[in-house]
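# Structural characterization, general
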Amino acid sequence: GPIGQTGLQGPIGPQGEPGSGISEWCYFYGSEQQILSPNETVKFSTALIKSSGMDYTDGNILIANQGLYRIQFYTHSLQSDVGQYGLKLNDTILTGTSYNSPNGFAIIDVPTNNSILNLVNLSSIQMIITITNSVGTTIGVNVSILITKI
């Protein structure tokens with residue numbers, strides 16, 4: 001026989017689980033020489049890309065939203081074999097984020113909104129971030145940090 005009339009719309013179902021993926025991110029880098037005293041903050045000159053929950057001003061990375069964050073950083077120091085860099089969150093050194101190498105990686109818990117993250121010279125000596133263009137045709141990146149909320 002013929003098809004009947006369309007019935008009434010049913011009730012709206014329950015909200016689904018939040019989607020997974022990266023909700024906050026930033027990539028900051030620099031190419032200028034820096035002379036850093038012990039406990040001095042590394043500066044980045046360029047904010048290449050960032051989400052609305054991340055910002056940067058004069059060495060301070062603002063993380064607007066609490067949560068778990070994956071962080072990778074790079075420094076190119078004149079004395080790379082003796083230097084140590086690490087992360088501070090709201091002026092507190094984060095355990096497990098200090099590296100005696102130019103590269104570091106960490107997953108950190110940011111417990112409060114509007115926290116300030118810094119990459120810091122944790123060496124007991126002055127460190128010199130060098131300009132890296134000795135083999136290339138352009139000035140290369142000598143400091144960088146990549147942050148993603150996970």
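Going by the structure above, here's the rest.
Attention here is on the structure that accompanies the text. (Residues numbered from 1 in each chain as written. Predicted model: local features only at pLDDT ≥ 70, side-chain atom pairs only at ≥ 80, totals over all residues. Heavy atoms only, no water.)

## Structural notes on the nonpolar core
With 26 residues, the main nonpolar core has Phe44, Ile61, Leu87, Leu117, Ile145 and Ile147 as its most contacted residues. When sequence neighbours within four positions are dropped, the list of residues in contact with isoleucine 61 reads Phe28, Phe44, Asp55, Tyr56, Ser115, Ile116, Leu117, Ile145 and Ile147. (Core = buried A, V, L, I, M, F, W, Y, C linked by side-chain atoms within 4.5 Å. Buried < 20%, exposed > 50% of the residue type's maximum accessible area, 1.4 Å probe, protein only. Contact = heavy atoms within 4.5 Å.)

## Let's talk about unusual backbone geometry
Peptide bonds are, in most cases, trans, and in most cases residues other than glycine have a negative phi. The phi torsion at asparagine 90 lies on the positive side, around 50°, for a residue other than glycine. On the secondary structure map, asparagine 90 appears in the loop between β7 (85-89) and β8 (92-93). Positive phi, close to 70°, is recorded for aspartate 91, a residue that is not glycine. Within the secondary structure layout, aspartate 91 lies in the loop between β7 and β8. (Helix = DSSP H or I, 4+ residues; strand = E, 2+ residues; numbered from the N terminus.)

## Some remarks on the pattern of salt bridges
Applying the stated criterion across every chain yields a total of 1 salt bridge. Put simply, lysine 50 and aspartate 55 hold a salt bridge, and the shortest N to O gap is 3.6 Å. When its relative accessible area of 38% is taken as the criterion, lysine 50 is described as partly exposed. Residue aspartate 55 is classed as partly exposed on the basis of its relative accessible area of 35%. (Salt bridge = Lys/Arg side-chain N within 4 Å of Asp/Glu carboxyl O.)

## Thoughts on the side chain of asparagine 121
Structurally, asparagine 121 is set in strand β10 (residues 115-121). A residue is classified by how much of its surface remains accessible, and asparagine 121, at 0% relative accessible area, is buried. Of note is the side chain of asparagine 121, whose polar atom sits 3.1 Å from the backbone oxygen of serine 37. Look past the residues within four positions of asparagine 121 in its chain and what remains in contact with it is Leu36, Ser37, Pro38, Asn39, Glu40, Gln84, Tyr85, Gln126 and Met127. (Polar contact = N/O pair within 3.5 Å; in protein donor to acceptor, adjacent residues only side chain to side chain.)

## Here's the deal with the packing of aromatic side chains
In this structure the tally under the stated criterion is 4 aromatic pairs. Considering the side-chain rings of tyrosine 27 and tyrosine 29, the 5.7 Å spacing of their centres and the 25° angle between planes classify their relative orientation as stacked. On the basis of relative accessible area, tyrosine 27 is assigned to the partly exposed category, the value being 23%. On the numbers, 5.2 Å between centres and 40° between planes, the contact of phenylalanine 28 with tyrosine 56 is tilted. Of the two residues, phenylalanine 28 is situated in strand β1 (residues 25-30) and tyrosine 56 in strand β4 (residues 54-57); the sequence distance between them amounts to 28 residues. In this structure tyrosine 56 comes out as buried when scored by relative accessible area, which is 16%. Taken together through their ring pairs, the aromatic side chains of Phe28, Phe44 and Tyr56 make up a single cluster. (Phe/Tyr/Trp six-rings, centres within 6.5 Å; stacked < 30°, edge-to-face > 60°.)

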